[in-house]
Amino acid sequence: MTVTDFLPNFWPLFLALLAGLIMGSCGQKNESPSIDSPSPTMATIAPADPEKANKGPIHFTDMAHFAGITFQNKAGTKEKMWIPETMGQGVAIFDFDNDGDLDLYFANGGQLNDPDDKNVYKNSLWRNDGNWRFTDVTLGSGLECPEWTCGTYAADYDGDGFVDIYLTQFGKNRLFRNR
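Below is a short write-up of the structure. (Residues numbered from 1 in each chain as written. Predicted model: local features only at pLDDT ≥ 70, side-chain atom pairs only at ≥ 80, totals over all residues. Heavy atoms only, no water.)

This model, assessed by the stated rule, comprises three salt bridges. Its salt-bridge partner being Arg127, residue Asp129 comes within 2.8 Å of it at the nearest N-O pair. The salt bridge involving Asp158 is made with Arg177; its shortest N-O contact spans 2.6 Å. Placement of the pair is Asp158 in the loop between strand 5 (149-155) and strand 6 (164-169) and Arg177 in the segment after strand 7 (174-176), with a sequence separation of 19 residues. What makes Asp158 partly exposed here is its relative accessible area of 28%. Its relative accessible area of 43% is what places Arg177 among the partly exposed residues. (Salt bridge = Lys/Arg side-chain N within 4 Å of Asp/Glu carboxyl O. Helix = DSSP H or I, 4+ residues; strand = E, 2+ residues; numbered from the N terminus. Buried < 20%, exposed > 50% of the residue type's maximum accessible area, 1.4 Å probe, protein only.)

So, about the nonpolar core. Inside soluble globular proteins, nonpolar side chains tend to come together where they are buried. Within the largest apolar cluster, ten residues are counted, these being Ala92, Phe94, Phe96, Tyr105, Leu125, Leu143, Cys145, Ile165, Leu167 and Phe176. Residue assignment for this core shows that the elements contributing at least two residues are strand 1 (91-94) and strand 6. With sequence-adjacent residues up to four places away left out, Phe94 is seen in contact with Asp101, Leu102, Asp103, Tyr105, Leu125, Ala154, Val163 and Ile165. Core analysis: the second largest hydrophobic core is formed by nine residues, Ala67, Leu102, Leu104 and Phe134 among them. (Core = buried A, V, L, I, M, F, W, Y, C linked by side-chain atoms within 4.5 Å. Contact = heavy atoms within 4.5 Å.)

A few words now on the pairing of strand 3 (residues 124-130). Taken residue by residue, a regular strand's side chains alternate between the two faces of the sheet. Taken across its seven residues, strand 3 has five buried, putting it largely inside the fold. Bridge analysis of strand 2 (residues 103-106) against strand 3 gives three bridges, and the strand direction is antiparallel. The residue bridging Leu104 from the neighbouring strand is Trp126, located in strand 3. As paired strands, strand 3 and strand 4 (residues 133-136) are joined by four bridges and run antiparallel to one another. Bridge assignment links Asn128 to a residue of strand 4, and that residue is Phe134. Where strand 3 folds back onto strand 4 in an antiparallel hairpin, the turn is made up of two residues, including Asn131, whose phi is positive at roughly 55 degrees. (Pairing = 2+ DSSP bridges.)

Below, the structure written as structure tokens:
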């Protein structure tokens, strides 16, 4: 697969994902917070209904709920006492299983003032099952990574046809070979 083969399929997913992340950070509050919310102060967003979406010249619809993506980024405490707590962690969009569908790998943070590292959250690998549906396949992938991840990059560094993952982390960086 060359870069030019990858780009036409990349843009719709990238734009949808970007819209979802932007919408998720808007802070619209739902009247009845979800039971699954990690904190009562965290805003929840009702899933968008694509059938009722405004059909203006440019309109983004949050599709994370319909795609099955439940990942939540966590970075630090509410007070944001450390510089890494103020930065987002990022996402890599790549085809890890060579099935022709772009998959997702979300980086995550934690709480830097936690001496026991109890509140470091794991990164998350999501397989694209087709038709805009994703399944969390993190467990057992080797990519759980409980370290605070700052960024994630995907490339086939060894030329074996499988895209590998490089993580920049608070501490040591890591390179994972995909086999």
